[in-house]
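# Secondary and tertiary structure notes
Each chain, letter by letter, is given below.
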Amino acid sequence: MANIKIDAERCKGCCLCVSECPRGFIRMSEIFNKSGNLFAEVTDIENCTGCALCCQICPDMAIEIEGKKKPNVPVKEISQRRTNKELMTKFE
Amino acid sequence: MQFKRPKTIKDTQTHYCPGCGHGIVHRLVAEVIDELGLREKTIGTAPVGCSVLLYNYFDCDIIECAHGRPPAVATAIKRCQPDKVVFTYQGDGDIAAIGTAELIHAANRGENITAIFVNNAIYGMTGGQMAPTTLIGQKTTTTQNGRDRKKQGPPLKVCELLASLEGVAYLQRVAVSTAKDVIIAKKAIKKAFQNQLDGKGYSLVEVLSMCPTDWKVTPKQAVDFVNNEMKAAFPLGVYKDV
Amino acid sequence: MSKPSKKILLKGNEVLSQAAINAGCGFFAGYPITPQNEVPEYLSKALPEAGGIFIQAESEIAAINMLFGASASGVRCMTSSSSPGVSLKQEGISYIAAAELPCVIVNMQRGGPGLGNIRAAQGDYFQSVKGGGHGDYRLIVLAPSTLQEIYELTMNAFDYADHYRNPVLILGDGILGQMAEPVELTKYRPIVDLPEKDFVLDGCKGRERRVIKTLLLQPAEALIEFNEYLKKKYAGIESELKLCQKYRCDDADLVVAAYGITARIAEGAVDMARDKGLKVGLIRPITLWPFPDEDFRAVAEQAKKLLVVEMSNGQMIEDVKLSIECSRPVEFYGTGGGWYPTSEKIMEKIESVYE
Ligand SMILES: Cc1ncc(C[n+]2csc(CCOP(=O)(O)OP(=O)(O)O)c2C)c(N)n1
Ligand code: SF4
Ligand code: SF4
Ligand code: SF4
């Protein structure tokens, strides 16, 4: 698990991190932040690998990671098990 | 694993549109400044363009220049203070249209500065007019039927153009449209700063970047445009490394 | 008894260059153009020898922007050109004035408009004192008329620039640049106090970072306030820095007004007129901005008429009329197209308008 945080107020809702996360662990919120944007949320912090690809693409420096541990489920399995699409529907 | 906002970036939220590439490039430049420990000896130049306000985000000395003139301003600062680190940050209109002469001559003199060139194939700040780097067929507010090679010429390729100049030490074209590209871009920017510290001469990194607003597309589509169209017209890679 | 002076023979452009070096100019950028080429030529050798930086820029635009950077680095800096080149510098001058960066700009005027010719002229008066570039800014404009004065005013120009944090323009012409005269290269001494340069960008070590910028978007009143501030600053310069020389004006019925080399030619005409018993004097503004209007008003009280002589078709005449509020008739004699007036021709004009 990675200690990943998305600053909802910094997020401008561009969704780039959503498509960048190889595990499909990021989705957009259903509520707006103070600036009126839907913001990104990590759906599975427990299994986030801390690969920081979402941080790399975020134009607004809204995602930060402090330290990481091994995910609970082996990375290989996660990527096979969950896709962004599945997650999105799961949370709908 | 740590991933934090670089120290050289202020806490302020940027004014850039959602999905704009400028924010990523800002972060990369700031990270490099942090990693090389240069914040207190860096003087940056701000261009005219969407990134004119970069002094609101960078926590180091910055001088805002007239449109296209940063290479001349940076030349003088570096000559007067050779022990300092000087970088320019320019858009495509700034560097490859109005400031072409300043660019070519600073590069040809081999000024020991670092140039960051953000190529988004459009004039962002003024509302989406054709840039020198606009692609053939790309629609802008001044090429409403798409850029026509016969009328507007082909897109201007800065790295290819500068590669023939002896004074230039390093040229690389990168992108910020995927996380992988961003990681490569960071390495290139770091090298361009390191070259200056090593006294190698003019180093320029061209960054293919997204302007969803003036391309009139979503951020995701903008990323796709860079990946599919821009990378084809502007091949990535190292154009010079001496 | 003062020591015998050690005068050496130099061209105007060389005198100016040496004055810059003596005043501690550490950076010069310029682009070749006749009739000021001796400035970059002289400085390309002498400035680096004195520890300064010389750059032959790719254009006048680049040169003035290099000054923007050099001045921001805290270095005394100068660029030099002639009319068409100075036109190209106007954008940069506006930015430098807005950023309040000190620097010295030289214009050895030549014939215009357009490419004109390479002879001496005074057709850039409007451009020099009325703006030239965009926006509400002012340049301090100095107009020497002898080579000794070029030497002194050039050194002073750096002081005024630093003192007022404003660009200073030295307005010469092709004759002043090209002619040679013996000049005493006196030691440089600052003539005004020089404030510490707290705007310099040299890396933010041990201090808050600094920004030099001219874009003022927010709050909406920021630019209004800045322009108000500039207005006050310019008013301050106007109250302190009006320089002017008068010659045989005390009892003059007719006062000739001219600046730069034209004033020197007119001085000859004034002497001829006096020899003929005509009460004629000369007033010569040394600062063209701020314009020495009080001095003009003072001579107009005594004189019945003024005669403005310029190497143009009449530009400074507007400021003369404004300063005396048209309280006297103002005659004009001018030569456009890069030709200088002779003392004889001015004398003819004096006789034709003298009452
Ligand atoms: C002399 C001058 N001409 C025109 C402009 C107007 N202008 C402001 S930004 C800009 C284009 C900027 O485009 P680019 O350099 O591509 O940067 P971007 O905004 O896309 O990041 C123009 C033409 C100006 N400020 N100054
Ligand atoms: S750190 Fe990697 S796994 Fe975790 S949310 Fe970001 S992209 Fe997904
Ligand atoms: S990339 Fe950044 S700004 Fe865009 S949605 Fe994700 S967190 Fe928000
Ligand atoms: S207009 Fe384009 S370049 Fe400018 S901030 Fe918006 S997305 Fe970025």
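Since the structure is predicted, the reported quantities are computational estimates derived from the model, not experimental observations.

## Focus on the site of ligand 3
- The local shell around ligand 3 holds 13 residues, among which Cys11(A), Cys14(A), Cys15(A), Cys17(A) and Cys58(A) are the closest.
- Here the residues of the shell around ligand 3 sort into 10 nonpolar, 1 polar and 2 charged.

## Observations regarding the site of ligand 4
All names here are of chain B.
- Residues in close proximity to ligand 4 include Tyr 16, Cys 17, Cys 20, His 22, Cys 50, Asn 120, Gly 124, Cys 211, Pro 212, Thr 213 and Asp 214, which together make up its full environment.
- Broken down by element, the shell around ligand 4 gets its largest block of residues, 3 residues, from helix α8 (residues 212-215).
- By residue class, the composition of the shell around ligand 4 is 6 nonpolar, 4 polar and 1 charged.

## Structural notes on unusual backbone geometry
- In this model, Gln218(C) is joined to Pro219(C) through a cis peptide bond whose omega is -5 degrees.
- Looking at the secondary structure, you find Pro219(C) in the loop between β9 (211-212) and α8 (222-240).
- A cis geometry characterises the amide bond from Trp289(C) onward to Pro290(C), with omega recorded as -5 degrees.
- Inspection of the secondary structure puts Pro290(C) in the loop between β13 (287-289) and α10 (293-302).
- A positive phi angle, close to 70 degrees, is found at Ala52(A), a residue other than glycine.
- Mapped onto the secondary structure, Ala52(A) falls in the loop between β3 (38-42) and α2 (53-57).
- The buried category is assigned to Ala52(A), whose relative accessible area is 2%.
- Positive phi outside glycine occurs at Ala121(B), with the angle close to 60 degrees.
- Position of Ala121(B) among the secondary structure elements: in the loop between β5 (114-119) and β6 (122-123).

## A few points about the domain arrangement of chain C
Residues and elements named next belong to chain C.
- You can read the domains of chain C as domain 1 (8-183) and domain 2 (244-353).
- Each of domain 1 and domain 2 has a C-alpha centre, and these two points are 26 Å apart.
- Taken together, the 31 residues of domain 1 in the interface contact 24 residues of domain 2.
- Summed over both partners, the interface of domain 1 with domain 2 buries about 2400 Å², with 54% contributed by carbon and sulfur atoms.
- A per-residue breakdown of the area domain 1 buries against domain 2 is headed by Arg 119, Gln 122 and Tyr 125, which together make up 30% of the total.
- Taken together, the links from domain 1 to domain 2 amount to 3 salt bridges.
- In this structure, Asp 319 and Lys 130 form a salt bridge, with 2.6 Å as the shortest nitrogen-oxygen distance.
- Residue classes in the side of domain 1 that touches domain 2 are distributed as 17 nonpolar, 7 polar and 7 charged.

## A short note on the side chain of Arg110(C)
Residue and element names in this part refer to chain C.
- Of note, Arg 110 is situated in the loop between β5 (103-109) and α5 (125-129).
- Among the polar contacts made by the side chain of Arg 110, one reaches the main-chain carbonyl oxygen of Thr 34 at a distance of 3.0 Å.
- The residues touching Arg 110, leaving out its near neighbours within four places in the chain, are Ile 33, Thr 34, Pro 35, Ser 82, Ser 83, Pro 84, Leu 115, Asn 117, Ile 118, Arg 119 and Ala 121.

## Let's talk about the interface of chain B and chain A
- Every contact between the two is made by 30 residues of chain B and, on the other side, 24 residues of chain A.
- Overall, the association of chain B and chain A removes approximately 2300 Å² of surface from exposure, summing both partners, and the carbon and sulfur fraction of that is 56%.
- On inspection of chain B and its partner chain A, the count reaches 2 salt bridges.
- Across the salt bridge formed by Glu64(A) and Lys4(B), the nearest N and O atoms sit 3.5 Å from each other.

## Points about the sheet that holds β5(C)
- Spatially, β3-β2-β4-β5-β7-β6-β13 (chain C) is the arrangement adopted by the 7 strands of the open sheet, whose pairing is mixed. In this open sheet, the two edge strands, each paired with only one partner strand, are β3 (53-56) and β13 of chain C. Averaged over neighbouring strand pairs, the angle between their axes works out to 20 degrees when direction is ignored.
- Relative to strand β7 (residues 167-173) of chain C, strand β6 (residues 140-142) of chain C runs parallel, the two being bridged by 3 bridges. Looking at the pairing, Val141(C) lines up with Leu169(C) of β7(C).
- Sheet strands in contact with helix α2 (residues 70-80) of chain B are β2 (27-30) and β3 of chain C, and its direction is about 155 degrees off that of β3(C).

## A short note on the side chain of Glu100(C)
- When you line up the elements, Glu100(C) lands in the loop between α4 (83-99) and β5.
- Look past the residues within four positions of Glu100(C) in its chain and what remains in contact with it is Arg165(C), Phe226(C), Tyr229(C), Leu230(C) and Lys233(C).

## Quick notes on α4(C)
Residue and element names in this part refer to chain C.
- If you check α4, its first and last C-alpha atoms are 24 Å apart, about what 17 residues at 1.5 Å a residue would give, namely 24 Å.
- At Gln 90, α4 shows its largest kink, close to 45 degrees.
- When you tally the buried positions in α4, you get 12 out of 17 residues, the bulk of the element.
- Along α4, the residues classified as buried are Ser 83, Gly 85, Val 86, Lys 89, Gln 90, Gly 92, Ile 93, Ser 94, Tyr 95, Ile 96, Ala 97 and Ala 99.
- Where α4 is buried, its residues touch α3 (60-72), β4 (77-81), β5, α5, β7 and β9.

## Regarding the pairing of strand β12 (residues 280-285) of chain C
Residues and elements named next belong to chain C.
- For β12, the tally of buried residues reaches 6 of 6 residues, placing the bulk of the element in the interior.
- The two faces of β12 match: Val 280, Leu 282 and Arg 284 on one face and Gly 281, Ile 283 and Pro 285 on the other face are all buried.
- Relative to β12, strand β10 (residues 244-247) is paired through 4 bridges, and the arrangement is antiparallel. Paired with Tyr 247 across the strands is Leu 282, a residue of β12.

## Structural notes on the interface of chain B and chain C
- Between chain B and chain C, the contact holds 33 residues from the first and 33 residues from the second.
- Across the interface of chain B and chain C, roughly 2600 Å² is buried in total on both sides, 60% from carbon and sulfur atoms.
- Among the residues chain B hides against chain C, the three largest losses belong to Glu40(B), Asp61(B) and Glu64(B). Together they make up 22% of the total.
- Joining chain B to chain C, the criterion identifies 3 salt bridges.
- Glu91(C) serves as the salt-bridge partner of Arg69(B), at 3.2 Å between the closest nitrogen and oxygen.
- At the boundary of chain B with chain C, the tally comes to 18 residue pairs in polar contact (both at pLDDT 80 or more).
- Looking at the side of chain B that touches chain C, the elements that each hand over two or more residues are β2 (42-46), β3 (61-64), α2 and α4 (100-108) of chain B.
- Looking at the side of chain B that touches chain C element by element, the count peaks at 7 residues for α2(B).
- Tallied by class, residues from the side of chain B that touches chain C come to 16 nonpolar, 5 polar and 12 charged.

## Quick word on the sheet that holds strand β14 (residues 305-310) of chain C
All names here are of chain C.
- Taken in spatial order, the 5 strands make up an open sheet running β10-β12-β11-β14-β15, and their pairing is mixed. The two strands at the open ends of the sheet, each matched to only one other strand, are β10 and β15 (330-334). Here the average twist between neighbouring strands, direction ignored, is 20 degrees.
- Taken together, the 4 bridges between strand β11 (residues 254-257) and β14 define a ladder with parallel strand orientation.

## Comments concerning the packing of helix α9 (residues 260-275) of chain C against helix α12 (residues 343-353) of chain C
Residues and elements named next belong to chain C.
- Interhelical geometry of α9 versus α12 gives an angle of 55 degrees and a closest axis separation of 8 Å. By the criterion of interaxial angle, the relationship of α9 to α12 is oblique. Viewed along their axes, α9 and α12 form a crossing whose handedness is right-handed. Residues Ile 265, Ala 266, Gly 268, Ala 269, Met 272 and Ala 273 of α9 lie in contact with α12, whose contacting residues are Ser 343, Glu 344, Ile 346, Met 347 and Ile 350.
- The residue makeup of the contact of α9 with α12, split by class, is 8 nonpolar, 2 polar and 1 charged.

Cut-offs and rules
- Residues numbered from 1 in each chain as written.
- Chains lettered and ligands numbered in written order.
- Predicted model: local features only at pLDDT ≥ 70, side-chain atom pairs only at ≥ 80, totals over all residues.
- Heavy atoms only, no water.
- Near = heavy atom within 4 Å.
- Nonpolar A, V, L, I, M, F, W, Y, C, P; charged D, E, K, R; others polar.
- Helix = DSSP H or I, 4+ residues; strand = E, 2+ residues; numbered from the N terminus.
- Buried < 20%, exposed > 50% of the residue type's maximum accessible area, 1.4 Å probe, protein only.
- Domains from an automatic or database assignment.
- Contact = heavy atoms within 4.5 Å.
- Buried area = accessible area lost by both parts, 1.4 Å probe.
- Salt bridge = Lys/Arg side-chain N within 4 Å of Asp/Glu carboxyl O.
- Polar contact = N/O pair within 3.5 Å; in protein donor to acceptor, adjacent residues only side chain to side chain.
- Pairing = 2+ DSSP bridges.
- Axes fitted to C-alpha atoms, helices over the stretch in contact; angles between N-to-C directions.
- Expected span 1.5 Å × (residues − 1).
- Bend = angle between axes of the 7 residues up to and from the residue.
- Parallel < 35°, antiparallel > 145°, perpendicular 65-115°, else oblique.
- Left-handed = near helix turned anticlockwise from the far one by under 90°.

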